[in-house]
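Fold and geometry: a report
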Amino acid sequence: LLKDNAKQLRLIIEKLQATIYPVMNGNYSLDIIGNFYHEFLRYAKGAQNDGIKLTPFYITELFCKLVDIDINSVMVDPCLGTGGFMISGMNSLFKIADSMTETQCVEFFNGLISTGKLKEEEVNRLKESNKKNGLAILTSNDVKEYIKKHSLIGCESDPVMYTLGCSNMILRGDGKSNIYHDDCFVVKDELIKEGANIGFMNPPYSASKYSVIQFISLLCDIVHKPGYAVVIVPTNRYNIVINGM
């Protein structure tokens, strides 16, 4: 590998292994892919960021603290971007799953069966795959797998942002989340059917044909009641308070 630069290349790989890889695989809310993209644009000749702004991780974490997240929460971000809100939401749900006992895991899946979200046969297959000392059990890892597949909903119309958002989720072991590549207003009915009860959004107001009120109204329509909708709004132009969700 690069005969004259092999040592330097190895140092770079070791640094990535020590500093970046743990962040991508642990309970961190850093948007690694998004940050890399912006850093790349700083050095890419003639590159433009089209006014794209990343939502800082401390904001995405704050959003998760502002709502009552429980293990049954389903989150939606109609303006996914690079997936910052979904990363923080996933980590919040994972922390709850890690604290669950075996009995709580069983109760969680029994609830999914009773509401028709999963078939009993599917849950039984999960139990058999975890068979230990002759006992078929359910674990917090099973809960996490369900979260990855069913509890995180996103939508992004920009092809570059869509790719980055999907990459962010895949790198965290989530290759099957429900991420739509479309205009969130066009697929509104599909998003409603996902059954989300928590909505996070930082819309591209300045570069969008839709107004602030339209974005907020859309999110409130998508989120099922009782639920929570948290949106970043340009307060220098608007003073909006919405109650009753």
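Coordinates for the structure precede this section.
Let us look at the structure shown here. (Residues numbered from 1 in each chain as written. Predicted model: local features only at pLDDT ≥ 70, side-chain atom pairs only at ≥ 80, totals over all residues. Heavy atoms only, no water.)

Let's shift gears to the overall build of the protein. Within the protein one finds 11 helices and five strands. Taking all 245 residues of the protein together, 39% fall into the buried category. For the protein, long-range pairs separated by at least 24 residues make up 74% of all intrachain contacts whose partners lie at least 6 apart in sequence. Summed over all atoms, the accessible surface of the protein reaches about 14,400 Å², with 53% contributed by carbon and sulfur. (Helix = DSSP H or I, 4+ residues; strand = E, 2+ residues; numbered from the N terminus. Buried < 20%, exposed > 50% of the residue type's maximum accessible area, 1.4 Å probe, protein only. Contact = heavy atoms within 4.5 Å. Areas by Shrake-Rupley, 256 points an atom, 1.4 Å probe, with all protein chains shown as cover.)

This paragraph deals with the sheet that holds strand S4 (residues 198-201). Overall, parallel pairing links the five strands, which are arranged S3-S2-S1-S4-S5 in an open sheet. Strands at the two margins of the open sheet, each flanked by one partner only, are strand S3 (178-180) and strand S5 (228-231). Taking the axes of each pair of neighbouring strands and ignoring which way they run, one obtains an average angle of 15° across the sheet. As judged from the three bridges shared by strand S2 (residues 152-155) and S3, these two strands associate in the parallel manner. Among the inter-strand pairings, Ile153 is bridged to a residue of S3, identified as Asn178. (Pairing = 2+ DSSP bridges. Axes fitted to C-alpha atoms, helices over the stretch in contact; angles between N-to-C directions.)

We now examine the packing of helix H5 (residues 84-98) against helix H8 (residues 140-150). As a packed pair, H5 and H8 sit with axes 9 Å apart at the nearest point and diverge in direction by 160°. Comparing the axis directions of H5 and H8 gives the class roughly antiparallel. Crossing geometry of H5 relative to H8 is assigned as right-handed. Contacts from Leu93, Phe94, Ala97 and Asp98 of H5 reach H8 at Ser140, Val143, Lys144, Ile147 and Lys148. For the contact of H5 with H8, a count of residues per class yields five nonpolar, one polar and three charged. (Parallel < 35°, antiparallel > 145°, perpendicular 65-115°, else oblique. Left-handed = near helix turned anticlockwise from the far one by under 90°. Nonpolar A, V, L, I, M, F, W, Y, C, P; charged D, E, K, R; others polar.)

Counted by the stated rule, this structure contains four salt bridges. Here Asp98 makes a salt bridge to Lys144, at a shortest N to O gap of 2.7 Å. With Asp98 in helix H5 and Lys144 in helix H8, this pair connects stretches of sequence that are 46 residues apart. (Salt bridge = Lys/Arg side-chain N within 4 Å of Asp/Glu carboxyl O.)

Let's shift gears to helix H9 (residues 159-171). Its 13 residues give H9 an end-to-end C-alpha distance of 18 Å, which sits within 8% of 18 Å, the value for a rise of 1.5 Å per residue. Turning to H9, its buried residues are Met161, Leu164, Gly165, Cys166, Asn168 and Met169. Two or three places before Val160, at the opening of H9, Asp158 has a side-chain oxygen 3.0 Å from that residue's backbone nitrogen. (Expected span 1.5 Å × (residues − 1). Polar contact = N/O pair within 3.5 Å; in protein donor to acceptor, adjacent residues only side chain to side chain.)

Axis separation between helix H6 (residues 102-114) and H8 bottoms out at 9 Å; the angle between their running directions is 35°. The two elements H6 and H8 cross, and the hand of that crossing is left-handed. Packed against H6, whose contacting residues are Cys105, Phe108, Phe109 and Leu112, the element H8 presents Ser140, Asp142, Val143 and Tyr146 at the interface. Residues of the contact of H6 with H8, tallied by class, amount to six nonpolar, one polar and one charged.

Phe108, Phe109, Val143 and Phe200 are the most contacted members of the largest nonpolar core, which has 32 residues in total. The dominant element in this core, judged by the number of residues it contributes, is H5, at seven residues. In this view, Phe109 contacts Leu118, Val123, Leu126, Leu138, Asp142 and Val143; residues no more than four positions away in its chain are not counted. Formed by 21 residues, the second largest nonpolar core is a distinct cluster that contains Val74, Ala196, Phe215 and Ile222. (Core = buried A, V, L, I, M, F, W, Y, C linked by side-chain atoms within 4.5 Å.)

Another aspect to go through is the side chain of Asp77. For Asp77, the location among the structural elements is in strand S1 (residues 75-77). Of the polar contacts made by the side chain of Asp77, one reaches the backbone nitrogen of Cys79; its length is 3.0 Å. Apart from residues lying up to four places away in sequence, Asp77 is in contact with Phe85, Met86, Ile153, Gly154, Cys155, Phe200 and Met201.

Right, let's get into the packing of aromatic side chains. For the structure on display, the rule yields nine aromatic pairs. For the pair Phe108 and Phe109, a centre-to-centre distance of 5.2 Å together with 80° between the ring planes defines the contact as edge-to-face. Note on Phe109: relative accessible area 1%, which makes it buried. Taken together, the aromatic side chains of Phe63, Phe85 and Phe200 make up a single cluster linked through ring pairs. Above the ring of Phe94, the side-chain terminus of Lys144 is found at 5.2 Å from the ring centroid. (Phe/Tyr/Trp six-rings, centres within 6.5 Å; stacked < 30°, edge-to-face > 60°. Lys NZ or Arg CZ within 6 Å of the ring centre and 35° of its normal.)

This part takes up H8. Along H8, the residues that are buried comprise Ser140, Asp142, Val143, Lys144, Tyr146, Ile147 and Lys148. As for H8, its buried residues are in contact with H5, H6, helix H7 (120-129) and S2.

Just distances and angles here, no functional claims.
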